[in-house]
Amino acid sequence: MKPLRLLLLVTAAFVVLLIGVVCGAFNSRVQTWAARRQLAARPELGASLGSLSAGLSRVAVKDLRVVSHGAILTLPALEAELPLVSAGLKRKVTVTRLVAKGWTLDLSKAVKVTQLLEAGADFFGGAVPPPRRVVVNEFSLLSSARAAEPAPAAVAAQVFQGIFAQLALPVDLALDGVDLEGEVILPAARGHARLALTGGGLGAGHAGKFDLKMTAALTSTTVSTVETHSVFTATMDTPRTFTRFGVKADSTASGPQFPRGVKLSADASAARAAAGEDYAVALATTDKQLVDVRATFPLTARKLTGTWKIDVRDTEVAPFLLGRALPPFVATGEGQFDFDAAFAEVHARGKLNSSSETLAAVRPELAALGALQLTADFDLTQIGEQTRVDHFTVAIRGAQPIATVTSLQTLTYNRTTRGLNAADPARELFAMTLQGVPLAWAQPFTPGLTISGGDLMGEFVATASEGGFSLRPKAPLTMTGVALARAGKPMLSALDISLNTSVDYTPHGWQVAAAPLLLRSGNATLLTFEAKAGQLAGVGQPTKATGRFSGTLPALLAQPAASGTLQLTRGEIAGDFAASLGATQEIQAKITLTNLEADPKLTTEKLPTVSVDLRADIAAGGQITVNAPLLLEREGRKSDLSLVGTLTPDPKGLIIAARVSSTKLVLDDAVILAAPLAPAPGPATAPAPVTRDVAPPWAGITGQIALALKEVVYSGTFQATDVAGTLRIEAGAVKFEGMRAGLGNGSDAKISGAVTFDEKATTPYALNVDLAVTEFDPAPLFKALNPGQPATVEGKFNVTSKLAGSARRLDEFATTTHGDFQMTSKGGVFRGLPVNVASKVEAAGKLAAGAAFLGNLAGAVTGRKDYADIGNRAQALAELTKIWQAINYDQLGVVIARDADLNTVLKDFTLISPELRLTGGGRATHVKAKPMLDEEIAMEFKLRARGHHGELLKYLGALDATTDELGYAACTLPIKVTGTLGKPDTSELNNALTAMAIEKSGVKDKAGELLKGLFGK
């Protein structure tokens, strides 16, 4: 093939390909695909597109929808006529026609305006820098926040050259015809607005003019309609530069509160001339100038200077805020400002007066602040990183003066070094006086609480200190008659508060001290508190605090929040603490309760001294590690209890892993602490309705608590050793696992079971416990329960038991738990028949001995010799009662049960010894609110005897003649025990035995016969 032909074929192919590409580029489907792909690359916009069609001089967009930050733009159609080739190749944008109608901008779910600005920047591909953090106290700005701001050199590089220099266009622009019409749905259901923008004629050497008409229909109860007609003008001297901008707007608002309508005019302009630029913004009503700001920027001076003046009230501007509420206010003021071209030096001075009847429109809770008036007089200069205060005075007053802050000399603060310098370090820097800050001002920041009382008053003065300042009180902060309530329920009342506080700030850090804080009520001092808190400069430095406190418990407990919790007539609380609050928080506190005395109507016993040494470490993830030793001291004894463990946050609650340990725990000293918890004695009242727990105390907690108690002492005589086991919390239940305790002399107790909670049940709590005790001697327990009496039983017992109960609240288990205790013993002493006829037997014995002596004398006269038998019966009875008072047994078995009515039932009682057998049973009747030892008993036993024991009963005439196969015969005496568990009564048996010694022996009759025989009538 010839080269020329090959070249022609290649050229033709290239032309065909080029034509195809051009045809594809101008194909609507290809353009739509490309546009959709570009939108898909920006998923944050949530955009969709129906179609895009772009020709050589026309662009059409259909069904465009963009969602960003909650704002939704719906654009059915947009058409623009402009030469694309000129725009792309010659950078000439000549729009002869731009039409978009029927569009909707829905702001009903939009986020804040600042985020909408960011959304707009995202849409147009730009980036809006985040607003600088504004903090009330500039000294508390974090270093990281300052580091993110541009360095001084960068700021200086951004030299201001005037507004028009910033508006220079990168293309030649001409805008002939604009016709935009649509609707904006306002946020917070405030209504909607119709907008229409028309105009054109903008180009080089021409003044463009655009009309904007807005009609807003609002849902406000004060303003229903706002109509605005704005005229925008712009003049261009070249296709890319402007010489003037201007906008004039006239607005009318009408509604229920403004039946005749309210008018507001705005006029803003910017003009460029050879000498520089002039700017002006004015806002006025029909007969009054509200805002007037004017500024000039001479090109030779390179400095922006201006003045400002305001005289405005809420009723003049609020109707035009499209339903947004404003507090009622009046503000007047004027001043001057100037900036250098690099914005490195900014100077502002002026005076401002503002007053408001209420701030409820800003935030409902702020209504508590009432009417306020603010007066400010300032002269401030910002130079790079330094802020110079030449003069600054702010005064706030309500019905009377509230607070004043006044600078006393020129101050300079460096934002980078955090240094504060004074013109004269020897002089005071500024003064702050609180003439009377109402406590109601705190109400918005304490939701759910009601605060009342006298005003907060105090006076401070600041002096220079190491590049910072020290704030010292000239008069302490004071408040009187402070009261606090939650949901109408009083918590604190009649408190007088005094605080001497100081603040130190240097570039190295800050420190606040309270020395001291005093809480008083009447003549009583409730609490004295001294503390210091501070933080070193630098990222990540923790805040550290230390302090100590002391208080009088009866005075503290007299406050409504603590009323009825503890009935103490004396006691002091004292302690100290230290804390480090950073990424990891460390807290230590030692608290001591001393000289505790309970209401004597509750107990006259001495209460122990209580000491708690707490340490808690809170990790960054929220895990809490606790170490809390507790010490009780009473009458020379010491009891200790220690809790060590961790609490780990979990999506379902907390996971606990803890260990409770003790070397010695005297239960009497721990239990006596509960005495002040009893309700205060007072007149009888109707019982409160019984409530049901809706959740157990361990709701949301899982894990385990291990027990390790070396020695537990009860009443000084009964003790348990090596108490160990695990409380496992899971699935709504607390389970006892591996619980055991040594009970002395080889005795061992084991417990297993659980307390469960069923939220659907009427009685949600259920208890099931198994108990097994081996080689248990109950004598120490009996002596502990009833110290004035000998132990009812001495011996080694094996005990098995199953306990069960149900309850609506945990405290009900004390009265609802029931079950059986099966007890067996292979030898010991039983004192369950407390017979006592000693005095009567002794009298009978003496009478019988005298009768026997006289009988022997009379025998010589009468010939009778039976008087000696009387003394033998008394001796027999004395020996019998001695045996019964302490029966030595070989076997003893008994079942002790607590029935559904909480009565203690003694059943299947069997005692076997070589010469007697004792069987029987009975019950102790439960009475609500009565101690167990005071419960009345009714028991009856049957006795069978043989051997010497049987001979004694037979001699006394109290033994049946019939014997069983083992030689035991039944005793005919009534063996009944009544009285109480603490004081058993065997008076019926005592009377029967006494009768044997006296009446049955014939002591009285025989003595009479003896005297008659000796002396006649």
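The coordinates are above.
Note that the coordinates shown come from a computational prediction; the quantities given were computed from them, not determined experimentally. (Residues numbered from 1 in each chain as written. Predicted model: local features only at pLDDT ≥ 70, side-chain atom pairs only at ≥ 80, totals over all residues. Heavy atoms only, no water.)

Caption draft 1: Representation of the overall build of the protein chain within the structure. A count of helical and extended segments in the protein chain gives 17 helices and 53 strands. Counting over 1017 residues, the protein chain shows a buried share of 33%. In the protein chain, the share of contacts with a sequence separation of at least 24, taken over all contacts with a separation of at least 6, comes to 51%. Element-wise, carbon and sulfur atoms account for 60% of the exposed surface of the protein chain, whose accessible area totals about 55500 Å². (Helix = DSSP H or I, 4+ residues; strand = E, 2+ residues; numbered from the N terminus. Buried < 20%, exposed > 50% of the residue type's maximum accessible area, 1.4 Å probe, protein only. Contact = heavy atoms within 4.5 Å. Areas by Shrake-Rupley, 256 points an atom, 1.4 Å probe, with all protein chains shown as cover.)

Caption draft 2: Summary view of the pairing of strand β31 (residues 568–581). With ten bridges connecting them, strand β30 (residues 543–552) and β31 associate as antiparallel partners. From the neighbouring strand, Thr546 faces β31, where its bridge partner is Ala578. Pairing between β31 and strand β32 (residues 585–598): twelve bridges, direction antiparallel. From the neighbouring strand, Leu568 faces β32, where its bridge partner is Ala598. From the end of β31 to the start of β32, which pair antiparallel, there are three residues. (Pairing = 2+ DSSP bridges.)

Caption draft 3: Broad picture of the pattern of salt bridges. This model, assessed by the stated rule, comprises 34 salt bridges. In this structure, the salt-bridge partner of Arg388 is Asp390, at a minimum N-O distance of 3.1 Å. The partner of Lys802 in a salt bridge is Asp770, with the nearest N and O atoms 3.0 Å apart. Of this pair, Lys802 sits in strand β43 (residues 793–807) while Asp770 sits in strand β42 (residues 765–776), and the two are 32 residues apart along the sequence. We classify Asp770 as partly exposed; its relative accessible area is 33%. (Salt bridge = Lys/Arg side-chain N within 4 Å of Asp/Glu carboxyl O.)

Caption draft 4: Focus on the environment of Phe797. Inspection of the secondary structure puts Phe797 in strand β43. Taking the C-alpha atoms as reference, Phe797 lies 6.2 Å from Met823; in sequence the two are 26 residues apart. Excluding anything up to four places from it in sequence, Phe797 contacts Val773, Thr774, Glu775, Phe776, Pro778, Met823, Thr824, Ser825, Tyr889 and Leu892.

Caption draft 5: Highlighting the packing of aromatic side chains. Applying the stated criterion across every chain yields a total of twelve aromatic pairs. Here Phe909 and Phe941 contribute two aromatic rings whose centre-to-centre distance is 5.3 Å and whose plane-to-plane angle is 70 degrees, an arrangement assigned as edge-to-face. Remark: Phe941 occurs in strand β49 (residues 936–945) and Phe909 occurs in strand β47 (residues 904–912); sequence separation between them is 32 residues. Both residues of the pair, Phe909 and Phe941, count as buried. Put simply, the rings of Trp698, Phe757, Tyr765 and Phe813 touch in pairs and so form one group of aromatic residues. (Phe/Tyr/Trp six-rings, centres within 6.5 Å; stacked < 30°, edge-to-face > 60°.)

Caption draft 6: The arrangement of helix α2 (residues 28–40) in detail. For α2, with 13 residues, the first-to-last C-alpha span of 18 Å sits near the 18 Å given by 1.5 Å per residue. All of the buried residues in α2 are Gln31, Thr32 and Ala35. Summarising the axial view, the buried residues of α2 lie within an arc of 100 degrees, below the 170-degree limit, and thus occupy one face. Residues Arg29, Trp33, Arg37 and Ala40 are exposed on α2 and point more than 90 degrees away from its buried face. (Expected span 1.5 Å × (residues − 1). Arc of directions from axis to C-beta.)

Caption draft 7: Here's a closer look at the side chain of Glu385. Tracing the backbone through its elements, the reader meets Glu385 in the loop between β18 (372–383) and β19 (386–397). With relative accessibility at 17%, the residue Glu385 sits in the buried group. Only 3.1 Å separates the side chain of Glu385 from the side chain of Thr416, close enough to count as a polar contact. (Polar contact = N/O pair within 3.5 Å; in protein donor to acceptor, adjacent residues only side chain to side chain.)

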